[in-house]
Amino acid sequence: MSSNIDVTETLDVKGQNCPMPVIKTKQAVDELAVGDVLEVVATDSGSMSDIKGWAESTAGVELVDQVEGDGVYTHYVRKTE
């Protein structure tokens, strides 16, 4: 786990498959303040590329880190604007 990331909120989408992790991530990020970091915990391996692609194509969000371990994929998304 990236201990230097100050997580504001955690979104648990374990057991949900594409496209739900991305949809729920987008909804959760919309509720955050600028500078807040959302931690997304997923079990769908596709979420690694899905959330990365979404963050790269979406203004106002930054993918800070992605961690894979024991079938769990953790994503850290910062709201930048």
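In the block above lies the structure referred to throughout.
In this report, we go over the structure that sits alongside the text. (Residues numbered from 1 in each chain as written. Predicted model: local features only at pLDDT ≥ 70, side-chain atom pairs only at ≥ 80, totals over all residues. Heavy atoms only, no water.)

Section: the pairing of strand 3 (residues 61–69)
With eight bridges connecting them, strand 3 and strand 4 (residues 72–79) associate as antiparallel partners. Counted as the bridge partner of Asp65 is Tyr76 from strand 4. (Pairing = 2+ DSSP bridges. Helix = DSSP H or I, 4+ residues; strand = E, 2+ residues; numbered from the N terminus.)

Thoughts on the sheet that holds strand 3
Taken in spatial order, the four strands line up as 1-2-4-3 in an open sheet, and their pairing is mixed. Where the open sheet ends on each side, the last strands, each with one partner, are strand 1 (9–13) and strand 3. On average, each strand axis in the sheet is tilted by 20° relative to the strand beside it, whichever way the strands run. Lying over the sheet, helix 1 (residues 20–30) contacts strand 1, strand 2 (37–42), strand 3 and strand 4, oriented at roughly 160° with respect to strand 1. Most of the contacts of helix 2 (residues 47–57) go to strand 3, to which it runs at about 170°, and overall it touches strand 2, strand 3 and strand 4. (Axes fitted to C-alpha atoms, helices over the stretch in contact; angles between N-to-C directions. Contact = heavy atoms within 4.5 Å.)

Some points on the environment of Asp70
Checked against the element boundaries, Asp70 lands in the loop between strand 3 and strand 4. By relative accessible area, which is 83% here, Asp70 ends up exposed. Separated by 55 residues in sequence, Asp70 and Gly15 have C-alpha atoms that sit 14 Å apart. (Buried < 20%, exposed > 50% of the residue type's maximum accessible area, 1.4 Å probe, protein only.)

Considering the packing of helix 1 against helix 2
Relative placement of two packed helices is described by the angle separating their axes and the distance separating the axes. Between helix 1 and helix 2, the least distance of the axes is 9 Å, while the angle of their chain directions is 40°. It follows that helix 1 is oblique to helix 2 by the angle criterion. Our pair here, helix 1 against helix 2, has a crossing hand that is right-handed. Listed contacts from helix 2 to Pro21, Val22, Thr25, Lys26 and Val29 of helix 1 are Ser47, Asp50, Ile51 and Trp54. When grouped by side-chain class, the residues that make up the contact of helix 1 with helix 2 number five nonpolar, two polar and two charged. (Parallel < 35°, antiparallel > 145°, perpendicular 65-115°, else oblique. Left-handed = near helix turned anticlockwise from the far one by under 90°. Nonpolar A, V, L, I, M, F, W, Y, C, P; charged D, E, K, R; others polar.)

Focus: the nonpolar core
Membership of the largest hydrophobic core comes to 14 residues, with the highest contact counts inside it found for Leu11, Val29, Leu38, Val40, Trp54, Val61 and Val77. Listing elements by their share of this core, those giving two or more residues are strand 1, helix 1, strand 2 and helix 2. Discounting residues that sit within four places of it in the chain, Trp54 has contacts with Val22, Thr25, Lys26, Val29, Val61 and Val77. (Core = buried A, V, L, I, M, F, W, Y, C linked by side-chain atoms within 4.5 Å.)

Observations concerning helix 2
Among all positions in helix 2, only Ser47, Met48, Ile51, Trp54 and Ala55 are buried. Along the axis of helix 2, the buried residues cluster in a sector spanning 145°; they form a single face. Opposite the packed face of helix 2, turned more than 90 degrees from it, sit the exposed residues Glu56 and Ser57. Considering only its buried residues, helix 2 is in contact with helix 1, strand 2, strand 3 and strand 4. (Arc of directions from axis to C-beta.)

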